[in-house]
Amino acid sequence: RSVELRRTVPALMACNGKAGLEWLDVSNDRDTTAFVRRAPGERSVLVVQNWRNETVETTLPQPPDGETLLSRGVERPAPSTLRLAPYGYHVIHLK
């Protein structure tokens, strides 16, 4: 499924100078990474990943609004907060 997304979602295609990458500050930045990928004229994609072997909770700078493309072990206890299972991830096609 992730390979299919890379082929069909322009913001996830290889960064070749046309797509942008923005790292986000998250509340739990030692255990979690979050970034937004952009492609000119296309919808952006938010990716949040837990790199630990235990559940983590992280707060994003703003609530993500869009369609979930790919997800594993994610709960949303509050609009800007994600609870990610061990090695969990969330990929959202932003509006």
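You'll find the structure just up there.
Quick summary incoming for the structure in this document. Here the structure is a predicted model, which is why all the values come from computation and not from measurement.

Analysis parameters
- Residues numbered from 1 in each chain as written.
- Predicted model: local features only at pLDDT ≥ 70, side-chain atom pairs only at ≥ 80, totals over all residues.
- Heavy atoms only, no water.
- Helix = DSSP H or I, 4+ residues; strand = E, 2+ residues; numbered from the N terminus.
- Buried < 20%, exposed > 50% of the residue type's maximum accessible area, 1.4 Å probe, protein only.
- Contact = heavy atoms within 4.5 Å.
- Polar contact = N/O pair within 3.5 Å; in protein donor to acceptor, adjacent residues only side chain to side chain.
- Pairing = 2+ DSSP bridges.

Looking at unusual backbone geometry
The phi dihedral of Y87 is positive, around 60°, even though this residue is not glycine. The topology assignment puts Y87 in strand 6 (residues 81-94).

Description of the side chain of S80
Following the sequence through the fold, S80 ends up in the loop between strand 5 (66-78) and strand 6. Look at S80 and you get buried, because its relative accessible area is 17%. The residues contacting S80, other than those within four sequence positions of it, are T58, T59, L60, Q62 and P63.

Details of the environment of R76
One can find R76 in strand 5. For R76, a relative accessible area of 42% corresponds to the partly exposed category. For R76 and E57, which are 19 residues apart along the polypeptide, the C-alpha to C-alpha distance reads 9.3 Å. One polar contact links the side chain of R76 to the main-chain carbonyl oxygen of P79, over a distance of 3.0 Å.

Some words on the pairing of strand 5
Of the strand pairs in this sheet, strand 5 and strand 6 are connected by 9 bridges, and their pairing is antiparallel. From the neighbouring strand, E67 faces strand 6, where its bridge partner is H93.

Some words on the side chain of N50
Mapped onto the secondary structure, N50 falls in strand 3 (residues 45-50). Note on N50: relative accessible area 2%, which makes it buried. Polar contacts involving the side chain of N50 include one to the main-chain amide nitrogen of R52, which spans 2.9 Å. Excluding residues within four positions of it along the chain, N50 makes contact with D31, T55, V56, L84, A85, P86, Y87 and G88.

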